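The chain contents come next:
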Amino acid sequence: MWEQIREDVRCVFDRDPAARNVFEVLTTYPGVHAIIWHRINHWLWQHNLKWLARWLSTFARWITGIEIHPGAHIGRRFFIDHGMGVVIGETAEIGDDVTLYHGVTLGGTSWQPGKRHPTLGDGVVVGAGAKILGPIEVGENARIGANAVVVRPVPAGETVVGVPGHLVKRAKAEQAQKRKRAEQLGFDAYGITPDLPDPVENAIYSLLEHIHAQDRKLEELTEVVRQLGGDVGPVQLPELDDAELDKKSDETRRNSE
Ligand SMILES: CC(C)(COP(=O)(O)OP(=O)(O)OC[C@H]1O[C@@H](n2cnc3c(N)ncnc32)[C@H](O)[C@@H]1OP(=O)(O)O)[C@@H](O)C(=O)NCCC(=O)NCCS
């Protein structure tokens, strides 16, 4: 336990540039006080001194503003920055090298006994004010944006923001795919500005998506008509497969350089 506490103190220097020395960290960081109390309380909880563990965790809450149920499993090198308003429920499980900011709740959504709080993988960072609710899993190295409300599992390495929480990178990848499709059909929104949301750009992307879906439907219908013996004309629609899109966008980029 003492080695764990030593690691909890040392890890502050990697995650808070404002930390200057061990004395300062030990005397001015409520997040550090809270995890030291929790290491002791969790030990008491596991050795069946449950009331004492709960009373000491309540005492720790009075002085730190951080509420950690003594039953919560917390991995090594855990850091809560600022801390005020953090709540960690009884069945929460937290991996190694996890960072929480103030106002984070790892809470439950049901009054049923049993696992009802989240599980956070190694290296997860949870932004200020975020709520992660229910027995869901947040994969390794995922990042939860400030004030997000997360009620669904988060894959490893992803970033989630907003209410309800949604994946950031996936949204970006979808946007990139739409751009590629549009480029192939001759529409170039880069002339406007790539980063500003433009209503006309969005409308055209939606139309292109719609046309793409219609093409697919038409192909399926044509195939069925053919199978039923119908005579369908030889007109071939241009293919829109992803590999071809990649090739064409590379060509377009090379030509414009
Ligand atoms: C989410 C976070 C980790 C950044 O992740 P990232 O992958 O670097 O994301 P980006 O900064 O590229 O932003 C991606 C998109 O998410 C949006 N976004 C970022 N953080 C957000 C948040 N907390 N809530 C809502 N949207 C957010 C951005 O505006 C951007 O939107 P866009 O694609 O429409 O332009 C960061 O913004 C965050 O919230 N960190 C918490 C830090 C914190 O709590 N600090 C407290 C210190 S006291």
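What comes next concerns the included structure. For clarity, every value in this text was computed on a predicted model and none was experimentally measured.

Topic: the packing of aromatic side chains
And then number 1: The full count for this structure, using the stated rule, is six aromatic pairs.
And then number 2: Pairing Trp55 with Trp62 gives two aromatic rings, centres 6.4 Å apart and planes at 80°, and the pair type is edge-to-face.
And then number 3: Judged by its relative accessible area of 39%, Trp55 falls in the partly exposed class.
And then number 4: Since its relative accessible area comes to 58%, Trp62 is described here as exposed.
And then number 5: An angle of 75° between the planes, with centres 6.1 Å apart, marks the rings of Phe59 and Trp62 as edge-to-face. Of this pair, Phe59 and Trp62 are both found in helix H4 (residues 50–64), three residues apart, which corresponds to roughly one turn of the helix.
And then number 6: By the ring-pair criterion, three or more aromatic residues cluster together here, those being Trp37, Trp51, Trp55, Phe59 and Trp62.

Digging into the side chain of Asp8
And then number 1: Mapping Asp8 onto the fold places it in helix H1 (residues 2–15).
And then number 2: By relative accessible area, Asp8 is classed as buried at 0%.
And then number 3: A polar contact is formed between the side chain of Asp8 and the side chain of Arg39, at a distance of 2.8 Å.
And then number 4: When sequence neighbours within four positions are dropped, the list of residues in contact with Asp8 reads Ile35, Arg39, Arg76, Arg77 and Phe78.

Focus on empty space enclosed by the protein
And then number 1: Considering all chains together, one arrives at one cavity of 30 Å³ or more under this definition.
And then number 2: By volume, the largest cavity amounts to about 40 Å³.
And then number 3: In terms of lining, the largest cavity is formed by Ala34, Trp37, His38, Asn41, Ser57, Ala60, Thr64, Ile66 and Ile68.
And then number 4: Mapped by element, the contributors of at least two residues to the lining of the largest cavity are helix H3 (30–46) and H4.
And then number 5: No other element matches the four residues that H3 contributes to the lining of the largest cavity.
And then number 6: Its residues placed into classes, the lining of the largest cavity shows five nonpolar, four polar and no charged.

Considerations on the environment of His47
And then number 1: Residue placement: His47 occurs in the loop between H3 and H4.
And then number 2: In terms of polar contacts, His47 uses its side chain to reach the backbone carbonyl oxygen of Trp43, at 2.8 Å.

Some thoughts on the nonpolar core
And then number 1: Within the largest apolar cluster, 30 residues are counted, with the highest numbers of intra-cluster contacts made by Ile88, Leu100 and Ile144.
And then number 2: Other than its neighbours up to four places away in sequence, Ile88 contacts Glu67, Ile68, His69, Ala72, Ile74, Phe78, Ile94, Leu100 and Leu106.
And then number 3: Counting residues in each nonpolar core, the second largest holds ten residues, with Ile5, Cys11, Val32 and Ile36 among its members.

Description of the sheet that holds strand E9 (residues 125–126)
And then number 1: On the basis of which strands lie adjacent, the open sheet formed by six strands has the order E3-E6-E9-E12-E14-E15 and mixed pairing. If you trace the sheet from one side to the other, it starts and ends with strand E3 (79–81) and strand E15 (166–167), each paired once.
And then number 2: Pairing geometry for E3 and strand E6 (residues 99–101), over three bridges, is parallel. Its bridge partner being in E6, Ile80 is matched across the sheet by Leu100.

Structural notes on the pattern of salt bridges
And then number 1: This model, assessed by the stated rule, comprises twelve salt bridges.
And then number 2: Taking the shortest distance from any N to any O, the salt bridge between Arg226 and Glu223 comes out at 3.7 Å. One end of the pair, Arg226, and the other, Glu223, are both in helix H6 (residues 199–227), three residues apart, so they sit about a helical turn from each other.
And then number 3: Using a relative accessible area of 38% as the deciding quantity, one classes Glu223 as partly exposed.

Comments concerning the site of the ligand
And then number 1: Near the ligand, the surroundings consist of twelve residues, among which Gly127, Ala128, Arg143, Gly145 and Ala146 are the closest.
And then number 2: At 2.7 Å from an oxygen atom of the ligand is found a main-chain nitrogen or oxygen belonging to Ala128.
And then number 3: Interatomic distance of 3.0 Å between a side-chain N/O atom of Arg143 and an oxygen atom of the ligand.
And then number 4: Compared with its free state, where it exposes 910 Å², the ligand has 47% of that area covered by protein.

The rules behind these values
Residues numbered from 1 in each chain as written. Predicted model: local features only at pLDDT ≥ 70, side-chain atom pairs only at ≥ 80, totals over all residues. Heavy atoms only, no water. Phe/Tyr/Trp six-rings, centres within 6.5 Å; stacked < 30°, edge-to-face > 60°. Buried < 20%, exposed > 50% of the residue type's maximum accessible area, 1.4 Å probe, protein only. Helix = DSSP H or I, 4+ residues; strand = E, 2+ residues; numbered from the N terminus. Polar contact = N/O pair within 3.5 Å; in protein donor to acceptor, adjacent residues only side chain to side chain. Contact = heavy atoms within 4.5 Å. 1 Å grid on protein atoms, 1.4 Å probe; cavity = no way out; pocket = protein on both sides within 12 Å on 5 of 7 lines; lining within 4 Å. Points joined across faces, edges and corners; volume = space filled by probe spheres on them. Nonpolar A, V, L, I, M, F, W, Y, C, P; charged D, E, K, R; others polar. Core = buried A, V, L, I, M, F, W, Y, C linked by side-chain atoms within 4.5 Å. Pairing = 2+ DSSP bridges. Salt bridge = Lys/Arg side-chain N within 4 Å of Asp/Glu carboxyl O. Near = heavy atom within 4 Å. Areas by Shrake-Rupley, 256 points an atom, 1.4 Å probe, with all protein chains shown as cover.

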